[in-house]
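Residue-level listing of the chains:
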Amino acid sequence: MLDPIQNAALRIVTGAFRSSPSSSLHVEASEIPLLVKRKILALKYYSKIISNPNHPLNNFFSSSNNQIFPHNALNTRLSFPNRCLQYIAHPNLTPFPNVMKQYPQQVEPWLLPIPTVKNNHFSRSLPPIITLKKFNQFKTNHHNWNFIFTDGSKTVEGVGTAVVSDNHTLLYSLQPYCSVYTAELFGINHTVCNIPINCPRSVICSDSESALKSLQDPFSTHPLIIELKQHLKTLTKMGCRVLFLWLPGHCGITGNEKADSQARLAIKTGQVVTSSICKDVISGIKEIGWQEWQDEWFTMRDNKLRMVQQTVKRPTRNLNLLRREDVVLTRLRIGHTRLTHGHLMKKENAPTCRYCGNDLTVRHILTECIAHEPHRFSSDLQEMLSEDPTKITKLFHFLKIINIYDHI
């Protein structure tokens with residue numbers, strides 16, 4: 001029911017001609033189709049359900065064993081559980097990501113210790129040599145403390161985390177949709193959870209200021225932070241002290257530099273971590289939704305807009321055009337104009353070029369018609385319909401010279 005409403009709204013907003021295909025409207029407006037949007041929203045809710053053991057539908061999904069749930073045979077629309085099972089059968093979602101369970105806190109937040117974070121000893125504006133000198137002084141003042149360095153890295157190849165100390169180096173490879181913030185927190189959390197009892201004093205060093213600041217939020221619901229604080233409470237009871245230290249990156253500090261290089265190495269060689277927090281899984285679902293839209297767009301070989309725009313993601317148009325100019329550019333890019341497709345509304349025969357006798361299309365007018373050759377600035381359709389301000393000015397000038405600007 002909502003799809004025709006969205007299409008009508010996009011036609012009004014963009015000024016597209018009435019015969020413009022809906023697939024072109026979505027791409028030109030950079031508005032994801034509702035069919036894909038519904039899948040994303042359903043899988044987002046599904047992820048939240050399976051991540052929360054106390055959710056009323058958690059057992060319902062967990063005990064289903066991926067079987068189709070019965071539904072009313074008179075209703076052709078699948079129920080929500082069946083739609084979710086259908087969506088997660090997508091090749092890019094098989095198997096579905098292992099969502100980390102977010103159990104309720106066993107201890108009241110105000111009873112958990114707030115980690116001690118030293119984030120004012122260094123500054124990004126200091127020269128590296130001064131930062132290194134200050135760190136060496138800090139290390140001298142804490143000579144009987146065990147220093148552990150953590151770092152996270154995210155590249156096009158994946159996400160990795162490294163934990164480096166004098167005695168060992170641990171590498172972990174996270175799922176590719178995880179954020180670098182999660183990678184940093186995972187390294188810090190894993191370090192705290194694996195501090196041995198015979199290590200009474202530890203300094204955990206990280207170059208992620210955001211991750212360290214989030215540790216000081218007493219009401220954080222992040223599962224990694226909750227787990228860290230619970231382990232920190234246990235360590236405190238055993239007489240262990242843990243200090244968190246922020247260090248600016250790339251300042252020549254040996255442990256920090258090693259953690260940085262090892263984090264990149266961990267992407268390919270680290271121990272694979274299969275579980276991810278719900279927020280990262282949702283980010284991955286969104287990316288898969290956009291990729292599904294992109295794949296569908298790539299198969300539309302006969303679409304006129306597809307000839308000039310290859311991807312569904314496009315930068316926001318900020319050309320300061322008048323409404324009429326914006327409408328003209330949109331209709332030309334989509335390939336449906338009043339001049340070339342107005343006959344569909346009047347139920348007439350398709351128009352032909354009065355100079356060549358060929359079918360009258362946007363491509364013919366802009367790049368093929370011999371009569372307009374002296375006035376056009378390019379014979380490449382993609383260049384003629386680019387969103388470069390200089391070329392748009394030339395395009396409008398060309399349309400006005402051949403006297404069709406007011407007929408678009």
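Not measured: the values here are computed from a predicted model.

Novice: Mind showing me how you'd approach helix H6 (residues 128-141) here?
Specialist: For H6, with 14 residues, the first-to-last C-alpha span of 20 Å sits near the 20 Å given by 1.5 Å per residue. Where H6 is buried, its residues contact strand S3 (146-155), strand S6 (201-206) and strand S7 (241-246).

Novice: Help me understand unusual backbone geometry in this model?
Specialist: Glycine aside, negative phi is the norm for most residues, and most peptide bonds take the trans geometry. Phi at histidine 250 is positive, roughly 55 degrees, even though this residue is not glycine. Considering the arrangement of structural elements, one finds histidine 250 in the loop between S7 and helix H10 (254-269). At asparagine 403, a residue that is not glycine, the phi angle is positive and equals roughly 65 degrees. Within the element layout of this structure, asparagine 403 appears in the segment after helix H16 (389-401).

Novice: Where do I start with the packing of helix H1 (residues 2-14) against helix H3 (residues 34-51) in this structure?
Specialist: For any two helices packed against each other, one specifies the inter-axial angle together with the distance between the axes. Remark: H1 packs on H3, axes separated minimally by 10 Å, with the N-to-C direction vectors making an angle of 125 degrees. As summarised for this structure, H1 and H3 are arranged oblique, according to the angle between their axes. Packed against H1, whose contacting residues are Leu2, Asp3 and Gln6, the element H3 presents Leu34, Leu35 and Arg38 at the interface. Considering only residue class, the contact of H1 with H3 consists of three nonpolar, one polar and two charged.

Novice: Whenever I open this one, the sheet that holds strand S4 (residues 158-164) confuses me. Can you help?
Specialist: Across a sheet, strands are paired by hydrogen bonds formed along the backbone, either parallel or antiparallel in direction. With mixed pairing, the seven strands of this open sheet are ordered in space as S2-S7-S6-S3-S4-S5-S8. Of all the strands in the sheet, the pair left with one neighbour each is strand S2 (116-118) and strand S8 (271-272). Where H6 meets the sheet, its contacts fall on S3, S6 and S7, and the angle it forms with S3 comes to roughly 140 degrees. Its contacts with the sheet place H10 against S3, S4, strand S5 (169-174) and S8, and it is angled at close to 140 degrees to S4.

Novice: Whenever I open this one, empty space enclosed by the protein confuses me. Can you help?
Specialist: Taking a probe equal in size to a water molecule and rolling it over the atoms shows the remaining empty space. Evaluation of the coordinates by the stated rule reveals two cavities of 30 Å³ or more. Space inside the largest cavity adds up to approximately 40 Å³. Lining the largest cavity are Asp151, Asp207, Gly249, His250, Asn256, Glu257 and Asp260. When residues of the lining of the largest cavity are assigned to their parent elements, the largest contribution, three residues, is made by H10. When the residues that make up the lining of the largest cavity are grouped by side-chain class, the tally is no nonpolar, three polar and four charged.

Novice: What is the right way to look at the environment of alanine 266 in this model?
Specialist: Mapped onto the fold, alanine 266 is located in helix H10. Along the primary structure alanine 266 and glycine 158 are separated by 108 residues, whereas in three dimensions their C-alpha atoms are 9.3 Å apart. In this view, alanine 266 contacts Gly160, Thr161, Leu171, Tyr172 and Ser173; residues no more than four positions away in its chain are not counted.

Novice: Would you mind showing me how to read a nonpolar patch on the surface here?
Specialist: A surface patch of nonpolar side chains, amounting to about 400 Å² of accessible area, comprises Trp110, Leu111 and Phe219. Following the sequence through the fold, phenylalanine 219 ends up in the loop between helix H8 (209-214) and helix H9 (223-237). By relative accessible area, which is 54% here, phenylalanine 219 ends up exposed.

Novice: I would appreciate a short explanation of the pairing of S6 in the present structure.
Specialist: The two faces of the sheet receive side chains in turn, since in a regular strand these alternate between them. Burial within S6 is extensive, with five of its six residues counted as buried. One ladder, built from four bridges, connects S3 with S6; its direction is parallel. Bridge assignment links asparagine 146 to a residue of S6, and that residue is serine 202. The pairing of S6 with S7 spans six bridges and is parallel. Across the sheet, the residue bridging to serine 206 is tryptophan 246, located in S7.

Reading guide: rules and limits
For every chain, the first residue of the written sequence is number 1, and numbering continues from 1 onward in sequence order. Side-chain atom pairs in this predicted model are given and counted only at pLDDT of 80 or more, local residue features only at pLDDT of at least 70, and totals for whole chains, interfaces and linings cover all residues. Only hydrogens and water are set aside when side-chain values are computed; all heavy atoms of the structure are taken into account. Starting at the N terminus, helices and strands are each numbered in turn, a helix being any DSSP run of H or I of at least four residues and a strand any DSSP run of E of at least two. Multiplying 1.5 Å by the residue count of a helix minus one yields the expected span of that helix. We call two residues in contact when some of their heavy atoms are within 4.5 Å. As a rule, the C-alpha atoms of each element are fitted with a line to give its axis, helices using only the stretch in contact, and angles between N-to-C directions run from 0 to 180 degrees. Should an angle lie under 35 degrees it is considered roughly parallel, over 145 roughly antiparallel, and from 65 to 115 roughly perpendicular; all remaining angles are considered oblique. Under this grouping Gly is polar, as are all residues other than the nonpolar Ala, Val, Leu, Ile, Met, Phe, Trp, Tyr, Cys and Pro and the charged Asp, Glu, Lys and Arg. Only strands joined by at least two bridges in the DSSP assignment are considered to pair. We place a 1 Å grid over just the protein atoms. Points where a 1.4 Å probe fits but has no way out form a cavity, open points with protein on both sides within 12 Å along at least 5 of 7 lines form a pocket, and any residue with an atom within 4 Å of a point lines it. Grid points are joined across faces, edges and corners, and a volume is the space filled by probe spheres set on the points. To count toward a patch, a residue needs a relative accessible area over 30% and no salt bridge; like charges are then connected within 9 Å, while nonpolar side chains (Val, Leu, Ile, Met, Phe, Trp, Tyr) are connected within 5 Å. Note on areas: these come from Shrake-Rupley sampling with a 1.4 Å probe, and a residue is covered only by the protein chains present in the view. Basic side-chain nitrogens of Lys or Arg form a salt bridge, by our definition, when they fall within 4 Å of a carboxyl oxygen of Asp or Glu. Exposure categories follow from relative accessible area, calculated using a 1.4 Å probe and restricted to protein chains: below 20% of the type maximum is buried, above 50% is exposed, and the middle band is partly exposed.

The values reported here are purely geometric and, on their own, carry no functional implication.
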